[in-house]
Amino acid sequence: MKKYSKLIIAAIIALIFIGTFVFLWQKSQPKEIVYNEFTPKLDSIQKTTIITGKIEPRNEVNVKPQISGIISDLYKEPGDYVNAGDVIAKVKVIPDMSQLSSAEMRVRLADINLKQAETDFQREENLYNQKLVSADEYDKSKLALNQAKQEKVAAVDALQVVRDGVSQSNAKASSTLIRSTISGIILDIPVKVGNSVILSNTFNDGTTIATVANMNDLIFRGNIDETEVGQLVGGMNMKITIGALQDLKFDANLEYISPKAVESNGANQFEIKAAVKLAEGGKIRSGYSANAEIVLARADKVLSVPESAIEFSGDSTFVYIIKGEGKNKTYERTQVTTGLSDGVNIEIKKGLTTKDKVRGPEIVTDDNDK
């Protein structure tokens with residue numbers, strides 16, 4: 001029994017030794033190199049670029065007050081549509097004390113002058129009726145009275161404007177009522193009731209009461225790299241994609257290319273604007289992030305091969321044309337003239353025909369798959 005056990009163990013050891021030898025021998029044998037093979041074909045190639053930007057209205061207007069004061073009422077909300085002239089808010093005037101004092105003094109002086117003019121006119125009128133003064137003297141007295149009355153009205157109006165922001169004579173044109181200057185959608189109302197606001201003047205921009213824009217006239221605004229801007233031409237078509245709206249897509253036409261570059265993250269970029277063509281009934285909000293795809297160059301019905309089949313050497317390009325079949329297969333290195341590339345396929349202008357077959361990159365196989 002022991003004799004058979006020794007034989008079995010010896011046989012197992014021999015099999016392990018032989019298997020290891022065979023495995024090492026197979027590993028030491030040169031592997032056959034297999035390449036991808038491509039046949040040149042007629043195709044259309046286009047070079048595109050993606051520009052990141054945002055959608056915004058062409059005209060966005062900041063509505064500002066014509067008088068300083070405190071917001072007493074807000075009649076509209078963001079998202080409301082307004083026509084030009086619609087009232088958005090009302091301002092309660094906080095008068096400047098020096099201006100108020102001057103206006104009150106003007107009213108008092110006007111009142112004194114008016115009383116004096118009335119007294120003078122009555123005297124002149126009595127004398128005129130008695131034919132003791134000429135008609136010219138009488139007319140001058142009447143004119144002075146009318147001027148004093150107008151000055152009193154003007155002084156009272158000025159006082160009302162300083163004190164209340166509006167006078168009885170121009171109530172319809174009240175500067176306390178903040179009106180929209182254009183028709184459109186209210187994008188934002190950055191103030192609240194009780195906030196102080198100031199008018200726009202030489203020293204400050206004034207407080208923005210509301211931002212209004214025509215949302216039917218939108219543009220795409222983005223930046224393109226200096227290496228690609230030279231290929232842009234006004235009027236070029238662009239495909240706009242808004243990812244936030246389930247990849248909503250629509251067309252746009254390039255309208256503006258900035259003549260001056262701006263530096264962004266160490267690279268020079270140029271601002272572009274494109275008119276957006278919205279589908280009827282489409283609703284786009286201002287500020288949506290969007291991507292614009294634009295075709296920089298295009299070549300139709302040209303001979304092309306995958307760019308992975310091209311060997312670049314300095315300023316020259318080469319391919320390996322397959323000659324023969326099976327074990328007699330050889331590869332002939334041939335210079336070609338290339339053209340437009342889309343990053344996957346490349347145009348071949350000279351050096352290949354549709355009857356040729358070219359070698360691609362090596363097919364890498366996993367030994368475990370064998």
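Here the structure is a predicted model, which means the values were calculated and not measured.

### As for a nonpolar patch on the surface
A surface patch of nonpolar side chains, amounting to about 300 Å² of accessible area, comprises Ile-8, Ile-12 and Ile-16. Looking at the element boundaries, Ile-16 is found in helix α1 (residues 2–28).

### Considerations on the sheet that holds strand β3 (residues 60–63)
Strand order in the open sheet formed by four strands is β3-β10-β8-β5, and the pairing between neighbours is antiparallel. What marks the edges here is a single partner per strand, and that holds for β3 and β5 (81–82). Of the strand pairs in this sheet, β5 and strand β8 (residues 184–188) are connected by two bridges, and their pairing is antiparallel. By the bridge assignment for β8, Val-82 is matched with Gly-184.

### Overview of the environment of Ile-70
Looking at the secondary structure, you find Ile-70 in strand β4 (residues 69–74). Separated by 20 residues in sequence, Ile-70 and Lys-90 place their C-alpha atoms 8.5 Å apart.

### Some thoughts on the pattern of salt bridges
For the structure on display, the rule yields 13 salt bridges. Residues Asp-217 and Arg-58 are paired through a salt bridge, measuring 3.1 Å at the closest nitrogen-oxygen approach. Here the residue Asp-217 occupies a position in the loop between β10 (210–213) and β11 (218–225), and Arg-58 occupies one in the loop between β2 (41–57) and β3, the gap between them amounting to 159 residues. Under the relative-accessibility criterion, Arg-58 is labelled partly exposed at 33%. Residues participating in the shared-partner salt-bridge network are Glu-56, Arg-221 and Glu-271.

### Brief notes about the packing of aromatic side chains
Here the structure, examined in full by the defined rule, presents one aromatic pair. An angle of 35° between the planes, with centres 5.6 Å apart, marks the rings of Phe-121 and Tyr-138 as tilted. In this pair, Phe-121 sits in helix α2 (residues 97–129) while Tyr-138 sits in helix α3 (residues 135–164), placing the two residues 17 residues apart along the sequence. Classification of Tyr-138 as buried rests on a relative accessible area of 14%. In this arrangement the basic side chain of Lys-273 is found over the ring face of Tyr-256, its NZ or CZ atom lying 5.1 Å from the centre. If you follow Arg-359 out to its NZ or CZ, it ends over the ring of Tyr-320, 4.2 Å from the centre.

So, how was this worked out
- Residues numbered from 1 in each chain as written.
- Predicted model: local features only at pLDDT ≥ 70, side-chain atom pairs only at ≥ 80, totals over all residues.
- Heavy atoms only, no water.
- Patch = residues over 30% accessible without salt bridge, like charges linked within 9 Å, V, L, I, M, F, W, Y side chains within 5 Å.
- Areas by Shrake-Rupley, 256 points an atom, 1.4 Å probe, with all protein chains shown as cover.
- Salt bridge = Lys/Arg side-chain N within 4 Å of Asp/Glu carboxyl O.
- Helix = DSSP H or I, 4+ residues; strand = E, 2+ residues; numbered from the N terminus.
- Pairing = 2+ DSSP bridges.
- Buried < 20%, exposed > 50% of the residue type's maximum accessible area, 1.4 Å probe, protein only.
- Phe/Tyr/Trp six-rings, centres within 6.5 Å; stacked < 30°, edge-to-face > 60°.
- Lys NZ or Arg CZ within 6 Å of the ring centre and 35° of its normal.

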